[in-house]
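Inside the fold
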Amino acid sequence: GDGDGDGGGDGDGDDGTHDWSTAMRRAAGERVLDDPKALKKALRREEKRKEKARGKWASRVEGQEKRQRDAQEKRQKNLKLRRDAKKSRKIAKRDKKLADRGGPGAAFGASA
């Protein structure tokens, strides 16, 4: 080789053609994205946007789970109220029946 250790031939390598094509593309009015600072900035901006979206999604999921828990608790409470009401209606009905026919419950209640 030429002794510079780059493994290339004449030493100017690929850079010249890259610079030339970049210049040509710029001259043609095309946007050339080769500024490392700008690329890093864009990457950071994109990552920030993704992070924000992840946060919003987590918040949404958490809200949804909370609504589900609240609804389940409400349902359990309402079912318990309904069971209790049914139980007390049955007891009232039984007591009324016993009092009406003057059975042992009524006799016991009257003597006490």
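Below, the structure is looked at part by part. (Residues numbered from 1 in each chain as written. Predicted model: local features only at pLDDT ≥ 70, side-chain atom pairs only at ≥ 80, totals over all residues. Heavy atoms only, no water.)

**Notes on the pattern of salt bridges**
For clarity, the cut-off: Take a side-chain nitrogen of Lys or Arg and a carboxyl oxygen of Asp or Glu: if they are within 4 Å of each other, that pair is a salt bridge. Partly exposed describes any residue whose relative accessible area lies between the buried limit of under 20% and the exposed limit of over 50%, with all areas from a 1.4 Å probe on protein chains only and scaled to the type maximum. Only DSSP runs of H or I covering at least 4 residues are called helices, and only runs of E covering at least 2 are called strands; the numbering of each starts at the N terminus.
With the rule as written, the count across this model stands at nine salt bridges. A salt bridge links R25 to E30; the shortest N-O distance between them is 3.2 Å. With relative accessibility at 43%, the residue E30 sits in the partly exposed group. Between K66 and D70 there is a salt bridge, and its shortest N-O distance comes to 3.0 Å. Placement of the pair is K66 and D70 together in helix α2 (residues 36-101), with a separation of four residues, close to one helical turn. On the accessibility criterion, K66 (45% relative accessible area) is partly exposed. On the basis of relative accessibility, which here comes to 35%, the residue D70 falls in the partly exposed class.

**Details of a positive patch on the surface**
Applicable threshold: Candidates for patches are residues over 30% relative accessible area with no salt bridge; among them, like charges are joined within 9 Å and nonpolar side chains (Val, Leu, Ile, Met, Phe, Trp, Tyr) within 5 Å. In short, Shrake-Rupley with a 1.4 Å probe defines the accessible areas, and a residue's cover is counted only from the protein chains shown. His residues and chain termini do not enter the charge count, which takes Lys and Arg as positive and Asp and Glu as negative. Where a charge sits is defined by one atom per residue type, namely NZ (Lys), CZ (Arg), CG (Asp) or CD (Glu).
A cluster of basic residues, R82, K86, R89, K90, K93, K97 and R101, forms a positive patch on the protein surface. Here K90 shows up in helix α2. Owing to a relative accessible area of 60%, K90 belongs among the exposed residues under this scheme.

Geometry only, nothing functional implied.
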